[in-house]
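The lines below spell out each chain.
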There are 2 protein chains.
Amino acid sequence: MPQTQEHTVKAFDQDIGQLRGLISQMGGLAESAIADAMIALQRGDATLAERIAADDKRIDAMETEVERTAVRIIALRAPMADDLREVVAALKIASVIERIGDYAKNIARRVPRIESEHRIEPLSILPAMGRMAAAMVHDVLNAFAARDPEAALAVCERDNALDDFYDSIFRTLVTFMVENPKTISECAQLLFVAKNLERIGDHATNVAEMVYFAATGVRLVERERGVD
Amino acid sequence: MPQTQEHTVKAFDQDIGQLRGLISQMGGLAESAIADAMIALQRGDATLAERIAADDKRIDAMETEVERTAVRIIALRAPMADDLREVVAALKIASVIERIGDYAKNIARRVPRIESEHRIEPLSILPAMGRMAAAMVHDVLNAFAARDPEAALAVCERDNALDDFYDSIFRTLVTFMVENPKTISECAQLLFVAKNLERIGDHATNVAEMVYFAATGVRLVERERGVD
């Protein structure tokens, strides 16, 4: 390999390493935000909820940083084929993680809208769903870091269980609202929280599909997923 | 200008024209999908609802086409600065329009879950909100086609009115649920529909911000927006 080409290859590897590092960091922040949002919700902790919203700005700033870095890599290194696919995947993954962060922030924002005096019963069923969604985010980031298409596939396969969990919580909440009309406004907030968690799972699955594509060049068949 | 360079410029303009055309088409489909979803919801028309879900696959396919075209442009033309920014903006805008289409599909999917025998009263307040959201999508696509930053800004400014509309519908629905507990399950579906429309407005605003940035190189200050 001529020296200049080798130099370019190394520079590209460094650049893409920087992109991957930024994305892993973003993912870590998003994962903590989900866990913290569920704690804030359980405890009715408005201070923690505010901190989550403030921390989300860091995730947003990192997405902008990923975008700038990716554009710089494309402009300077003019990557081809696999390399270009990896840079484009990084751009898209960062934008999905940014949205996962937004969902966590959104859950946190609902905390002050739920009266802390009566800790309504359905609150107790949400943390397990929160853990399931956060675990999907955690695992897809590991799959991304390891460029492991099999691990990515395993995350996709867990999305159905999360969807079923959501359906069951939806039914539970509606039943509870019928029996306790005074809690309707709060239960409506919890319906949105459950939907946010279900959406986090969809986005983790979306990242998993991108990791799979970036690693193999093969697109997984587009799954049927809703949005809310 | 040397002949080859002129040739490259023309080729780039053609390529970017193709991208813009694809995005306008996608936007038109998404706009119709919103209008049709609201009609299906009003009429309880499950057949129309199914057609919307089927048509959404065309929007998805077009997003993939935009992605392929953008990657090809970057690889072949190695655009710099403003041109690169426009290609990256096109990629991101296509992904947002794809999501707007998903929201319309999601509204359509709720149609069979709402009993058609009793057309519950709150159904009547949703179409106006649907029109407001669809108009934002329509206008932001015009701003994109005309590369008009002022028109893009005007779309951003309408998002607050849509948010207020959502808040008012949320309150109306909760009050209705308290007074008519038998309709809770259906009203919960309508809560999600209203939230979907509010999210469509957020996404139109998001596109408007990208159009503004692509046209001026200046980022609008990140607005505070939720996600659901």
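Counting starts from 1 at the beginning of each chain's written sequence and moves along it residue by residue. Each chain gets a letter, beginning with A, and each ligand a number, beginning with 1, in the order they are written. With the structure being a predicted model, the display of local features is reserved for residues of pLDDT at least 70 and the display and counting of side-chain atom pairs for 80 or more, all residues being used for whole-chain, interface and lining totals. The side-chain figures draw on all heavy atoms in the structure; neither hydrogens nor water molecules are used.

A. Representation of the overall build of chain A. Helix and strand counts for chain A stand at six helices and zero strands. With the principal axes as the frame, chain A shows a C-alpha extent of 75 × 35 × 20 Å. In chain A, the proportion of contacts linking residues at least 24 apart, taken out of those at least 6 apart, comes to 84%. Averaged over its 27 positive side-chain charges, chain A has a centre that lies 3 Å from the centre of its 37 negative ones. Only runs of H or I of at least four residues qualify as helices and only runs of E of at least two qualify as strands under DSSP, and these elements are numbered from the N terminus. Contacts are assigned to residue pairs that have any heavy atoms within 4.5 Å of one another. Asp and Glu are treated as the negative residues and Lys and Arg as the positive ones, with His and the ends of the chain left uncounted. To locate a charge, the coordinates of NZ of Lys, CZ of Arg, CG of Asp or CD of Glu are taken.

B. Local environment of the pattern of salt bridges. By definition here, a salt bridge exists when the distance from a side-chain nitrogen of Lys or Arg to a carboxyl oxygen of Asp or Glu is within 4 Å. Taken as a whole, this structure holds 24 salt bridges over all chains when the rule is applied. Where B:Arg219 meets A:Glu67, a salt bridge forms, and the shortest distance between an N and an O atom there is 3.9 Å. Taken as a pair, B:Arg219 in the segment after helix H6 (184-216) and A:Glu67 in helix H2 (residues 46-77) lie in two separate chains rather than in one. Here the term buried applies to any residue with accessible area under 20% of the maximum for its type, exposed to any over 50%, and partly exposed to those in between, with areas from a 1.4 Å probe on protein chains only. The exposure class of B:Arg219 is partly exposed, given its relative accessible area of 38%.

C. Inspection of the environment of A:Ala94 at higher detail. Residue and element names in this part refer to chain A. Tracing the sequence through the fold places Ala94 in helix H3 (residues 81-110). Assessed through its relative accessible area of 0%, Ala94 is described here as buried. Counting along the chain gives 26 residues from Ala94 to Ile120, while the straight-line C-alpha distance between them is 36 Å. Those residues in contact with Ala94 that sit more than four places away from it in its chain are Ile23, Met26, Glu63 and Val66.

D. How the structure looks around helix H6 (residues 184-216) of chain A. Residues and elements named next belong to chain A. What a helix is expected to span follows from its residue count: subtract one and scale by 1.5 Å. Taking 1.5 Å as the rise per residue, H6 with 33 residues should run 48 Å; its terminal C-alpha atoms sit 48 Å apart, in good agreement. Burial runs high along H6: 29 of the 33 residues are buried. Directly after H6, the chain includes Gly217, whose backbone phi takes a positive value near 80°.

E. The interface of chain B and chain A, seen in detail. Each side of the interface is counted separately: chain B has 39 residues, and chain A has 39 residues. By definition, the buried area sums, over both parts, the 1.4 Å-probe accessible area that each loses when the two are put together. Interface of chain B and chain A: buried area, both sides summed, is about 3700 Å²; carbon and sulfur atoms make up 61% of it. At the boundary of chain B and chain A, one finds four salt bridges. Of all the elements in the fold, those that place two or more residues in the side of chain B that touches chain A are helix H2 (46-77), helix H3 (81-110), helix H5 (149-179) and H6 of chain B. Tallying contributions element by element places H3(B) first for the side of chain B that touches chain A, with 10 residues.

F. Looking closely at the UniProt feature "domain: PhoU" (unreviewed entry) in chain A. Residue and element names in this part refer to chain A. UniProt positions are given in the numbering used here, feature names are shortened, and annotations may be inferred rather than shown by experiment. The positions UniProt marks with the feature "domain: PhoU" (unreviewed entry) are residues 23-111 and 128-211. Between the C-alpha atoms that bound residues 23-111 the distance is 28 Å, and the span itself is 93% helix and 0% strand. Annotated as residues 128-211, this span is 92% helix and 0% strand, and its ends, taken at the C-alpha atoms, are 26 Å apart.

G. Quick look at the relation of the copies chain B and chain A. Fitting of the copies onto one another was done by least squares over C-alpha atoms, counting residues only where both copies have pLDDT of at least 70. Note on the identical chains: chain B maps onto chain A by a rotation of 180° and an axial translation of 0.0 Å, with an RMSD of 0.0 Å. The superposition operator between the copies reduces to a two-fold rotation axis. An overlap of 100% is found between the interface residues of chain B and their copies at the interface of chain A, pointing to a shared contact surface.

H. Quick peek at the packing of aromatic side chains. Think of it this way: a Phe, Tyr or Trp ring, Trp meaning its six-membered ring, pairs with another when their centres are within 6.5 Å, and the plane angle makes it stacked under 30 degrees, edge-to-face over 60, tilted otherwise. Inspection of the entire model under this criterion finds five aromatic pairs over all chains. One aromatic cluster is present, built from ring pairs that chain together A:Tyr166, A:Phe170, A:Phe192, B:Tyr166, B:Phe170 and B:Phe192. As a reminder, the over-ring test applies to NZ of lysine and CZ of arginine, requiring each to be within 6 Å of the ring centre and within 35 degrees of the ring normal. Seen from the ring of A:Phe213, A:Arg85 lies directly overhead, with NZ or CZ sitting 5.4 Å from the centre. Positioned above the aromatic ring of A:Phe213, the side-chain terminus of A:Arg219 is 4.3 Å from the ring centre.

I. A look at the environment of B:Ala49. Residue and element names in this part refer to chain B. Along the chain, Ala49 falls in helix H2. When the C-alpha positions of Ala49 and Asp36 are compared, they lie 7.9 Å apart, and in sequence the two are 13 residues distant. In this structure, Ala49 is in contact with Ala40, Ala108 and Val111, ignoring residues within four places of it in sequence.

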